[in-house]
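The residues making up each chain are set out below.
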Amino acid sequence: MSILSDFSMEASVDPIILTASSASLTSNNNDIDESLYGDLTLDSPASASIEQVRQDLYKANCGCRMRGLLEYSNWISEQLVHLPKPANRSSLKIPDTVPWSTDYDVIVFALQLMYTQEYTRAVALLKECESQHGQFMYFYCKYLAGEKARVDKADIKNRRGAKNEVLTELRIELEELRQANKLDVYGLWLLGVIFSKSDMVDRAMPVLVESLNLEPSFWGSWKTLAKLLKNKNQLQALPVLPHHWMKNFFYVEVCQEMYYANDALSFIQALEDMGMVNNPYMLAKRAEVHYQL
C-alpha cells in the first residue's frame, strides 16, 4: 500500500467485525431473519427531496475536502455523481471550498502538506491558528502524525499492536475544548475516533451522536458510529439520533452487519425512493443484503 493511499485509511477507526459467528448462523436461522423492529423502536426511514439531498451532500463534501477527510469526501462524491441531474443548475448553492478566515493561507498550505503526508510540518504550521477550522486541522494533523509514526516504527506483521503515542495528549486537549463548548462537528468526530482508538468505545459513542446532532449530513460520524456497534443492545442504548435522511445509510450499515437483512432492505428502498437509483454503492449493498436472506 502506498503512503498516499494510507492517508485516508489511517484517518478512520479500525474496522470492527460485527457479523454473527458461524455457529449461530448454522444453529438458529431465526436469529438472522428476526426483525430489529421486534425489540427496538427504530425510526421509520427518513425522507427528503432530491434537491435537499444534493444540497446536504454539497455541504458535507465541502466540509470534508477542506479538512483533508478524503475517505468521506470520496464516498460523498460517489453519491453525488449518481444523483439525477438537477433541473435548474442556477438554483444550486455550492459552498466555497475554503471559506475566508484569518487562517486562510495557512489552511490552504496545510492541506497541501497533508496530501504529501508531511503531517509534522503541518502541525507546526497550524499551531497558532485561531479559527475552529484551523484548530481542527492542527489536532487532526497531530493525530495523523502519530498514526504515521506508529506505522513507521511498527513491525510490518504487527502494525495493529503498535500504539499512537499522542492519543492521550490529544484526548485531554479535545476534552477540555468540548467542556468549553468549543468543538464543532469535526472536532467531536475526532474526539470520538480518539476515544475509540484508546479502547474507550462507551465514551466514543455519545460524542459521535453529539457530533451528528450538530450536523447530521456528515457521513464520517455516521460511519464511525456504525463501526463501533456490536449488537442491538448498544444500538438501543444510544442517545437520540437526528431524524435525517442520512440515517438511512447508517441503518443499512448497522442492519446488514447485524444480519437484519429485511430491515436493511427497507432502508435501501427508502434511499432508492428518494432518487438514489443506479448507484453502484446502493446496488452493491442490495446484493450483499440479498445474499444474507
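What you see is a predicted model; the values in this text were computed from it and never measured.

(A) Structural view of the overall build of the chain. When helices and strands are tallied, the chain shows 16 helices and zero strands. In the chain, which comprises 293 residues, the proportion classed as buried is 52%. Pairs at least 24 residues apart make up 69% of the contacts formed inside the chain by residues separated by at least 6 positions. Accessible surface, the chain as shown: approximately 14500 Å² in total, 52% of it carbon and sulfur.

(B) Representation of the packing of aromatic side chains in the model. Counted according to the given criterion, the structure contains 17 aromatic pairs. Arranged with centres 6.0 Å apart and planes meeting at 85 degrees, the rings of W189 and F218 form a pair that is edge-to-face. Linking W189 in helix α10 (residues 185-197) with F218 in the loop between α11 (201-214) and α12 (219-228), this pair joins segments that are 29 residues apart in sequence. As far as burial versus exposure is concerned, W189 and F218 are alike and both buried. Taking 5.2 Å as the distance between ring centres and 45 degrees as the angle between the ring planes, the aromatic pair formed by W222 and F250 counts as tilted. Of this pair, W222 sits in helix α12 while F250 sits in helix α14 (residues 246-257), and the two are 28 residues apart along the sequence. Of the two residues examined, W222 and F250, each falls in the buried class. Ring-pair connections join several aromatic residues into one group, and the members of that group are Y72, F136, Y140, Y186, W189 and F218.

(C) Quick peek at the packing of helix α8 (residues 132-153) against helix α9 (residues 167-179). Relative orientation of the contacting elements α8 and α9 amounts to 165 degrees, with a least axis distance of 10 Å. The pairing of α8 with α9 is recorded here as roughly antiparallel in orientation. Note that α8 runs across α9; the crossing there is left-handed. Contacts from F139, K142 and Y143 in α8 reach L167, E169, L170, E173, L174 and L177 in α9. Its residues assigned to classes, the contact of α8 with α9 comprises six nonpolar, no polar and three charged.

(D) Broad picture of the pattern of salt bridges. Per the counting criterion, the structure on display carries 14 salt bridges. For K223, the salt bridge identified is with E253, shortest N-O distance 3.2 Å. Taken together, the positions of K223 in helix α12 and E253 in helix α14 put the pair 30 residues apart, joining distant regions of the chain. Among the salt bridges present, the one from R286 reaches E272, with a minimum N-O distance of 2.8 Å. In this pair, R286 sits in helix α16 (residues 280-292) while E272 sits in helix α15 (residues 261-273), placing the two residues 14 residues apart along the sequence. Within this structure, K223, E253, K285 and E288 form a network of salt bridges that share partners.

Each value, and the rule that gives it
Residues numbered from 1 in each chain as written. Predicted model: local features only at pLDDT ≥ 70, side-chain atom pairs only at ≥ 80, totals over all residues. Heavy atoms only, no water. Helix = DSSP H or I, 4+ residues; strand = E, 2+ residues; numbered from the N terminus. Buried < 20%, exposed > 50% of the residue type's maximum accessible area, 1.4 Å probe, protein only. Contact = heavy atoms within 4.5 Å. Areas by Shrake-Rupley, 256 points an atom, 1.4 Å probe, with all protein chains shown as cover. Phe/Tyr/Trp six-rings, centres within 6.5 Å; stacked < 30°, edge-to-face > 60°. Axes fitted to C-alpha atoms, helices over the stretch in contact; angles between N-to-C directions. Parallel < 35°, antiparallel > 145°, perpendicular 65-115°, else oblique. Left-handed = near helix turned anticlockwise from the far one by under 90°. Nonpolar A, V, L, I, M, F, W, Y, C, P; charged D, E, K, R; others polar. Salt bridge = Lys/Arg side-chain N within 4 Å of Asp/Glu carboxyl O.

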